[in-house]
Structure formats: C-alpha cells, structure tokens
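Structural overview for review
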Amino acid sequence: MRTPSLLLLLCLICPLVWGDARSAGTLSEILSRSQLMCASAMLYFNPAERRPDPRGLSATYEHLNLMETYWVQLGQPEAFAQPLRAIKAVFDTLDHLPAAERERYPELIQQLLDHQQQLHQAVSVVYAGAKPDPAAAELQVQSQALAALLLDYQIRLYPLPRKSGLTLTPERARDLDQAIVRRFETLLARHVDQAELLTKIRASYLFVRPLLQQAANGRIAGSGGAEFYLNRASVDLDELAAALLPRAP
C-alpha cells in the first residue's frame, strides 16, 4: 500500500489521534518507548550475560506496559494492534525461556526488532499528520533521537543473526548526533525555567557520545554502557514535554 493511501486509512481508523496535541505527544512516546524497549531487552536477554542486570528486564516491562497503555488511550487503533501483539508475544517467550536455552535469545530479539520496526512505521505515519504542541514538539523529537541512537548502539553490540537494515549509516548517525547537539542549545534557550534538568540531560548525552560515535564507525569496545544514561534522558524529555501540554478538559 502506498503511503498516501495508508495515511488516509489510518486517519479513518484513528480519529482520536488527529489534531490533538496530547495525542500527538502520546504517539511520540510510543515511538521513543518502542526503541527504548528493544534496547533494554537486548541488554538483558544477552546470551553472553550469565547474570544479567535485572534493571534491564524491569525497563523492558515498563516500556512495553506503557506502550500498551498509550495504545488504549488512543482508542486502540487497529493499525498498531498487530505489531504490538507480536511484540508482546515475543517478549513473553523471552521472559519464560529457561536460562539453559539462552542461545535462542538472538533469534527472538531479531523477531522483536522486526515487529518494533512495523510498529514504528505505523505510528510514524499517523504522527506525521498529527499536530503536536509547539512548546513540546522539540522535546519530543529530541527524545526520539536519543532513543534512536541508543537502539542503534545496542544493535551494534548485540550478536544478531541479521543486522542489515537495522543500523544507521555512519553519515546518518553523524547527522543525528549533530542535530541533537544543536537542539539541546535551542531547548536550553527556550526553556530557561527547566535549564537545570535540560543541562543534566545534555550532560548524560555528552558523557556517552564518544561510545556512540565509536560504535557508529565500527569501533566497538566493552559491552554497553549507554543504556542507563540515554534511557533516562529520553524518558525525562518526554515527561518534560508532557508537563508542557494543556490539561485535558
């Protein structure tokens, strides 16, 4: 189906998400959370980790549960239902898989990423026609950008059977990084009353930035390290954006 036709179809299926700044924010959070969920899942369900950090599992649960909550808040659009159900099914399999079968993790994570891409595409089409609140929009975009770079980083570290089409090109990663740095400057200038929080979020990004840049250029050392900082940074940006939205009547 061509994009214009899909856009029209989604408009008919999802009437609650059009022209509503709060719904636009919810769509943006699904875009960010779906990427953060996969990043956390790769951190926890790693066949090389004999004692994985339980925070990775908790974060995966949180992101997935919130995605489902947001889907309900949007009126349970059918366009999102199939990939969301598929994500939940794969996660349930991962969560109940005995540790002795950890060699199956990469194959299941591959499926999780494929379904996440389907969900991301469906939500992106609707989000493109939504009307976000101007004050919150750049915060939401920044959250999505941080989540995208984190997911790219975790994919590069993870022993996937197939990575083709899942990682950013070095040029795209560089452009996204530069846009993030510029956007932090804009956000700090526009949200002076939130300068302390935004400065902290920016510091988290700058701290892990060398790791992200090395990974994007094929020079990977260590076993992670960015997830803790960027997960929290993306969530903080979304929470700040939500606080700026007008209250629902």
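Residues numbered from 1 in each chain as written. Predicted model: local features only at pLDDT ≥ 70, side-chain atom pairs only at ≥ 80, totals over all residues. Heavy atoms only, no water.

On to the overall build of the protein, then. The number of helices and strands found in the protein is nine helices and zero strands. Counting the 249 residues in the protein, one finds 48% classified as buried. Long-range contacts, defined here as pairs at least 24 residues apart, represent 76% of the contacts in the protein between residues at least 6 apart. Per element, the accessible surface of the protein, about 12,200 Å² overall, is 54% carbon and sulfur. (Helix = DSSP H or I, 4+ residues; strand = E, 2+ residues; numbered from the N terminus. Buried < 20%, exposed > 50% of the residue type's maximum accessible area, 1.4 Å probe, protein only. Contact = heavy atoms within 4.5 Å. Areas by Shrake-Rupley, 256 points an atom, 1.4 Å probe, with all protein chains shown as cover.)

Moving on, we come to the confidence of the model for the protein. Per-residue confidence for the protein gives a mean pLDDT of 89, with 89% of residues at or over 70. For the stretch residues 1–19, pLDDT sits under 50, and the model shows 27 contacts to residues farther than four places along the chain or on other chains. (pLDDT = per-residue confidence, 0-100.)

Quick look at the side chain of Asn-231 now. By the element assignment, Asn-231 lies in helix 9 (residues 227–244). Overall, Asn-231 belongs to the buried group, its relative accessible area being 9%. Every residue in contact with Asn-231, bar those within four places of it in the chain, is listed here: Leu-36, Ser-40, Ala-59, His-63 and Leu-150.

Let's shift gears to the packing of aromatic side chains. In the structure shown here, the tally under the stated rule is seven aromatic pairs. Considering the side-chain rings of Phe-45 and Tyr-105, the 5.5 Å spacing of their centres and the 75° angle between planes classify their relative orientation as edge-to-face. Residue Phe-45 is located in the loop between helix 2 (21–44) and helix 3 (54–73), and its partner Tyr-105 is located in helix 5 (residues 105–128); the two are separated by 60 residues in the primary sequence. Aromatic pair Phe-184 and Tyr-205: ring centres 6.3 Å apart, planes at 40°, arrangement tilted. Taken as a pair, Phe-184 in helix 7 (residues 170–190) and Tyr-205 in helix 8 (residues 195–216) lie far apart in primary sequence, 21 residues in all. Of the residues examined, Phe-184 reaches a relative accessible area of 1% and is grouped as buried. Tyr-205 sits in the buried class, given a relative accessible area of 1%. An aromatic cluster of three or more residues is present, and its members are Tyr-44, Phe-45, Tyr-61, Phe-91 and Tyr-105. (Phe/Tyr/Trp six-rings, centres within 6.5 Å; stacked < 30°, edge-to-face > 60°.)

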